[in-house]
Amino acid sequence: MIEILNRDQLERARDTGALVGGILQTLKERTAVGVNLLDLDRWTKELIEDAGAESCYVDYAPSFGRGPFGHYVCTAVNDAVLHGMPRDRVVADGDLLTLDLAVKLRGIAADAAISFVVGERAASEDLALIDATERALAAGIAAAGPDARIGDLSHAIGSVLTDSGYAVNLEFGGHGIGSTMHQDPHVSNDGRPGRGYRLRPGLLLALEPWVMADTDELVVDADGWTLRSATGCRTAHTEHTIAITDTGAEVLTLPR
């Protein structure tokens, strides 16, 4: 399903996006050396409920996961990159942590992710990974607008990632979003310009570049959810939900 939002729905999408961005910023500020991933999950639950919103994750049970996810935020550490299931683990100085969050408020969902290094020991290779995903996301957003095609966004994202020296995995990417978290169209993290669905004002897209330092192969963790790099290398993942407008794209998942 491809959903085009009306003016009222777009206003609600802005509120949801700001909530997601704000929660992620709060979690980042609270993340210090020694914080447990389960505490991050508990704080997320409290922040969602305090806002009168609902989690898109806790009951989520797609074909690629093992039963309902059962948690409120994805916490991917170091070699984990996607769908990181929170567990009883404290973060250490120098850990590369990705937080991925999707929430629904007043019937409209928004989805975003941030990667950052915990503590003071930030390796240059880790910062380069994060920087590549952030620049790729910015390129994808810049390519978005009315009459652009999905392939234009995919090509813009993929060009930054490959030019930065990373292989691009095409199994998971961005997606449409609206009254449900995952919708068509799929937005691959690499592609050919001028191909695919033509964007229209009112369309919401979650763009999410992610990379692994020295591989494009994933392995599934024993928890049935967490996706890790096949070589154990470091990873990064950055995501925003955007709205296509008459003149370009509006980033919704920034904290107010």
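Since we're looking at a predicted model, the values are computed, not measured.

Strand order in the open sheet formed by three strands is β3-β11-β10, with antiparallel pairing between adjacent strands. Lying at the two open borders of the sheet, with one neighbouring strand each, are β3 (80–82) and β10 (218–220). In this sheet, adjacent strand axes meet at a mean angle of 45 degrees when their direction is disregarded. Relative to strand β11 (residues 227–229), β3 is paired through two bridges, and the arrangement is antiparallel. Bridge pairing in β11 places Ala-80 opposite Arg-228.

It is worth spelling out the sheet that holds strand β7 (residues 183–187) at this point. The five strands lie next to each other as β7-β6-β8-β13-β14, forming an open sheet whose pairing is antiparallel. The open sheet has two edge strands with one neighbour each: β7 and β14 (249–251). On average, adjacent strands in this sheet sit at an angle of 25 degrees to one another, irrespective of strand direction. In terms of strand pairing, strand β6 (residues 174–176) meets strand β8 (residues 204–207) through two bridges, oriented antiparallel. Among the inter-strand pairings, Gly-176 is bridged to a residue of β8, identified as Leu-205. Relative to β7, helix α4 (residues 150–163) is tilted by about 40 degrees, and along the sheet it contacts β7 and β8.

The packing of two helices is summarised by the inter-axis angle and the distance between the axes. Where helix α3 (residues 124–143) contacts α4, the axes come no closer than 8 Å and their chain directions differ by 155 degrees. As the angle between them shows, α3 and α4 are arranged roughly antiparallel. When you trace α3 past α4, the crossing you get is right-handed. Contacts from Ala-132, Thr-133, Arg-135, Ala-136, Ala-139, Gly-140 and Ala-143 of α3 reach α4 at Asp-152, Leu-153, Ala-156, Ile-157, Val-160 and Leu-161. The residue inventory of the contact of α3 with α4, partitioned by class, reads nine nonpolar, two polar and two charged.

Below, the discussion takes up the packing of aromatic side chains. The final tally for this structure, using the stated rule, is six aromatic pairs. Aromatic side chains Tyr-60 and Trp-225 sit 6.3 Å apart centroid to centroid with 40 degrees between the ring planes, which places their arrangement in the tilted category. With a gap of 165 residues between them, Tyr-60 in the loop between β1 (54–55) and β2 (74–77) and Trp-225 in the loop between β10 and β11 connect regions that are remote in the sequence. Since its relative accessible area comes to 22%, Tyr-60 is described here as partly exposed. Joined through ring pairs, the aromatic side chains of Tyr-57, Tyr-60, Phe-64, Phe-69, Phe-172 and Trp-225 make up one cluster. Its end group placed over the ring of Trp-43, Arg-30 keeps NZ or CZ at 5.3 Å from the ring centre.

With that settled, the discussion passes to the nonpolar core. Core analysis: the biggest nonpolar cluster contains 25 residues, and Leu-40, Leu-97, Leu-99 and Leu-101 have the highest contact counts within it. The set of elements that each furnish at least two residues to this core consists of α1 (7–30), α2 (37–50), β4 (96–105) and β5 (108–117). When residues no more than four places from it in sequence are discounted, the contact partners of Leu-101 are Val-20, Ile-23, Leu-24, Thr-44, Ile-48, Tyr-57, Tyr-72, Val-73, Ala-110, Asp-111 and Ala-112. Membership of the second largest hydrophobic core comes to 17 residues, among which are Leu-10, Ala-13, Met-85 and Met-181.

What counts, and at which threshold
- Residues numbered from 1 in each chain as written.
- Predicted model: local features only at pLDDT ≥ 70, side-chain atom pairs only at ≥ 80, totals over all residues.
- Heavy atoms only, no water.
- Pairing = 2+ DSSP bridges.
- Helix = DSSP H or I, 4+ residues; strand = E, 2+ residues; numbered from the N terminus.
- Axes fitted to C-alpha atoms, helices over the stretch in contact; angles between N-to-C directions.
- Contact = heavy atoms within 4.5 Å.
- Parallel < 35°, antiparallel > 145°, perpendicular 65-115°, else oblique.
- Left-handed = near helix turned anticlockwise from the far one by under 90°.
- Nonpolar A, V, L, I, M, F, W, Y, C, P; charged D, E, K, R; others polar.
- Phe/Tyr/Trp six-rings, centres within 6.5 Å; stacked < 30°, edge-to-face > 60°.
- Buried < 20%, exposed > 50% of the residue type's maximum accessible area, 1.4 Å probe, protein only.
- Lys NZ or Arg CZ within 6 Å of the ring centre and 35° of its normal.
- Core = buried A, V, L, I, M, F, W, Y, C linked by side-chain atoms within 4.5 Å.

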